[in-house]
Amino acid sequence: MNINSYIDHTLLRASATEREIIDHCNQAKVHKFYSVCVNSCYVSLAKQLLRGSSIKICTVVGFPLGATSTEAKVFEAKRAIDDGADEIDMVMNLGVFKSQNFVEVFKDLKEVKTAIGKTPLKVIIEISELSKNGIVKASEICVDAKVDFIKTSTGFSKSGATLTAVKIIKKTVKNNCKIKASGGISDYETAQKYIDVGADRIGTSHGINISEETLQN
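Rules of the game
- Residues numbered from 1 in each chain as written.
- Predicted model: local features only at pLDDT ≥ 70, side-chain atom pairs only at ≥ 80, totals over all residues.
- Heavy atoms only, no water.
- Salt bridge = Lys/Arg side-chain N within 4 Å of Asp/Glu carboxyl O.
- Helix = DSSP H or I, 4+ residues; strand = E, 2+ residues; numbered from the N terminus.
- Buried < 20%, exposed > 50% of the residue type's maximum accessible area, 1.4 Å probe, protein only.
- 1 Å grid on protein atoms, 1.4 Å probe; cavity = no way out; pocket = protein on both sides within 12 Å on 5 of 7 lines; lining within 4 Å.
- Points joined across faces, edges and corners; volume = space filled by probe spheres on them.

(A) Quick peek at the pattern of salt bridges. Inspection of the entire model under this criterion finds 16 salt bridges. Between Lys193 and Glu189 there is a salt bridge, with the nearest N and O atoms lying 3.8 Å from each other. Residue Lys193 and its partner Glu189 are both found in helix α8 (residues 188-196); the two are separated by four residues, about one turn of the helix. Taking the relative accessible area as the measure of exposure, Lys193 reaches 41% and is therefore partly exposed. Residues joined in a network through salt bridges with shared partners are Asp8, Glu87, Asp89, Lys122, Lys151, Lys180 and Arg201.

Here it is in structure tokens:
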């Protein structure tokens, strides 16, 4: 199995420079990762750098808190697509979710998905902030909103992905939604475990390390 084809090669630090983005995109081409995941201000630059390659451009919306208005998320997503983004990773509104205003959570996801049409939408549910029942409920809302992926974590919260959470999500969504495991995945063995329990994509800033370890397995 080519694990590189599962990797969203991620650089979302607020301090990331243009030089770092250029290097990041060049790394993605060398290692043939599935995509690069960058902040939206760098989407047009990534598009220019990756022109002619098969590597997708992923960006984030409402990141990392998820607490912006739906209208802002819609605008941000549409603008990113206009700039060249192929996929959108959007953060669920955790405060509204924890208020148990599930209708508003659904509307937030649905409006963004409707606005971007066939462009894949990954919804970050930030599992470190949720109980097991919360992970199940958030996953159910994502399926109802017909998003394309559920993503475990932003990487900017208390902790990242867990195998237990991915198993819970997989059991809940079955084949109605894909799963992106993200946050704290830094080696080949760990990445493989997530794929084995149901992850369809791996979000990581350690893609090069994983790729190099792949050659040893």
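Picking up after the structure, the text goes on.
(B) Fine view of the layout of surface pockets. There is about 290 Å³ of room inside the largest pocket. Residue lining of the largest pocket: 18 residues in total, with Thr10, Thr154, Gly155, Thr204 and Ser205 positioned closest to the centre. Contributions of two or more residues to the lining of the largest pocket are made by β1 (7-11) and β8 (201-204). At three residues, the largest contribution of residues to the lining of the largest pocket is made by β1.

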